[in-house]
Amino acid sequence: MTDAPTIRAFSANEWRVYRDLRLRALADSPDAFGSTLAAETGRLDAEWARRLASSVDSPLNLPLVAEVRGEPIGLGRIDTSDPDLAALYQMWVAPSHRGVGAGQMLLKAVIAWARARNASSLDLGVTCGDSPARRLYERAGFQPMGEPQPLRPGSTLLAQAMRLALRGAAEQGHRADGAARRSS
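Residues numbered from 1 in each chain as written. Predicted model: local features only at pLDDT ≥ 70, side-chain atom pairs only at ≥ 80, totals over all residues. Heavy atoms only, no water.

### Remarks on the overall build of the protein chain
Phase 1: Each helix and strand in the protein chain was counted, giving 6 helices and 7 strands.
Phase 2: Partitioning the contacts of the protein chain with sequence separation of at least 6, the portion at a separation of at least 24 is 61%.
Phase 3: Summing over all exposed atoms, the protein chain offers an accessible surface of approximately 9,800 Å²; the carbon and sulfur share of this is 55%. (Helix = DSSP H or I, 4+ residues; strand = E, 2+ residues; numbered from the N terminus. Contact = heavy atoms within 4.5 Å. Areas by Shrake-Rupley, 256 points an atom, 1.4 Å probe, with all protein chains shown as cover.)

Here it is in structure tokens:
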């Protein structure tokens, strides 16, 4: 087997894997999420199962898992409850597997999914600062929106909303491809 990460959608019966990854993410990177480990730890198993099942069964959500040799090493979730706008949240990769492309692969899967649903843009929030996460989003073309806001109520940490234009970028790319073919 290869050590390259793979990305796939969670299935509803994998709520324990989802729960464990989510809690690992909150423990490892508490300043990267709007929720806290304390808030999430208190959830009942039935709530975790319901939470994942409702996302898996919905055409508006996509819960993703990143794996290496079958070991879960990361997660990402996307929501399109507004048909024109997709939102990425809960993106995380285990420290032991950072730098091998899992984050980039998760992000590409999310962008492809949002484009397939014809969302005009993909939004996310990232903690302010020069972080690998922020650099990943900027390399993918995300642009800051508005002023940074507190990460969560009462927090002194700030988070920056960012947006990736999907329709305009795809349309521009198709126009540029066509122009290049015509000029060749």
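### Some words on the pairing of strand 2 (residues 61-68)
Phase 1: Here strand 2 lies mainly inside the structure; 8 of its 8 residues are buried.
Phase 2: Here strand 2 shows two buried faces, one formed by Asn61, Pro63, Val65 and Glu67 and the other by Leu62, Leu64, Ala66 and Val68.
Phase 3: Direction of pairing for strand 1 (residues 6-9) relative to strand 2: antiparallel, over a ladder of 4 bridges. Considered in strand 2, the bridge of Arg8 is made with Val65.
Phase 4: Sheet analysis places strand 2 next to strand 3 (residues 71-82), joined by 8 bridges and oriented antiparallel. Bridge pairing in strand 3 links Ala66 to Gly74.
Phase 5: Hairpin connection between strand 2 and strand 3: a loop of 2 residues separates the two successive antiparallel strands, and Arg69 in this loop has a positive phi of roughly 50°. (Buried < 20%, exposed > 50% of the residue type's maximum accessible area, 1.4 Å probe, protein only. Pairing = 2+ DSSP bridges.)

### Description of the nonpolar core
Phase 1: The biggest cluster of nonpolar side chains holds 27 residues, and the ones touching the most others in it are Ile78, Leu88, Leu107, Leu122, Tyr137 and Phe142.
Phase 2: Contributing elements (two or more residues each) for this core: strand 2, strand 3, strand 4 (85-93), helix 4 (102-116), strand 5 (121-127), helix 5 (132-139) and strand 7 (158-165).
Phase 3: Here Phe142 is in contact with Leu107, Ile111, Leu122, Leu124, Tyr137, Met162, Arg163 and Leu164, once residues within four sequence places are set aside.
Phase 4: Counting residues in hydrophobic clusters, the runner-up holds 14 residues, among them Phe10, Phe33, Trp92 and Ala94. (Core = buried A, V, L, I, M, F, W, Y, C linked by side-chain atoms within 4.5 Å.)

### Quick notes on the confidence of the model for the protein chain
Low pLDDT marks regions whose predicted coordinates should not be analysed in detail.
Phase 1: Scored by pLDDT, the protein chain comes out at a mean of 88, with 90% of its residues at no less than 70.
Phase 2: Highest mean pLDDT in the protein chain belongs to helix 1 (residues 15-28) (97); lowest belongs to helix 6 (residues 167-183) (42). (pLDDT = per-residue confidence, 0-100.)

### Overview of helix 5
Phase 1: What helix 5 keeps buried is the set Arg134, Leu136 and Tyr137. The buried residues of helix 5 occupy an angular sector of 160° when projected down its axis, which confines them to one face. Of the exposed residues in helix 5, those oriented more than 90 degrees away from the buried face are Pro132 and Arg139.
Phase 2: Just beyond helix 5, the residue with positive phi is Gly141, at close to 105°. (Arc of directions from axis to C-beta.)

### What to know about the pattern of salt bridges
Phase 1: According to the stated counting rule, one finds 14 salt bridges in the structure shown.
Phase 2: Between Glu40 and Arg43 there is a salt bridge; the shortest N-O distance is 2.9 Å.
Phase 3: Arg134 is the salt-bridge partner of Glu138, the closest N and O atoms lying 3.0 Å from each other. Of this pair, Glu138 and Arg134 both sit in helix 5, 4 residues apart, roughly one helical turn.
Phase 4: Residues joined in a network through salt bridges with shared partners are Arg22, Glu40, Arg43, Glu47 and Arg51. (Salt bridge = Lys/Arg side-chain N within 4 Å of Asp/Glu carboxyl O.)

### Some thoughts on the sheet that holds strand 7
Phase 1: Pairing within the open sheet is mixed, and its 7 strands lie in the order 1-2-3-4-5-7-6. In this open sheet, the two edge strands, each paired with only one partner strand, are strand 1 and strand 6 (143-150). Recorded for the sheet is a direction-independent mean angle of 25° between the axes of neighbouring strands.
Phase 2: Against the sheet, helix 1 engages strand 2, strand 3 and strand 4, with an angle of about 95° to strand 3.
Phase 3: Each of strand 1, strand 2, strand 3, strand 4, strand 5 and strand 7 touches helix 4; the most contacted strand, strand 4, lies at about 165° to it. (Axes fitted to C-alpha atoms, helices over the stretch in contact; angles between N-to-C directions.)

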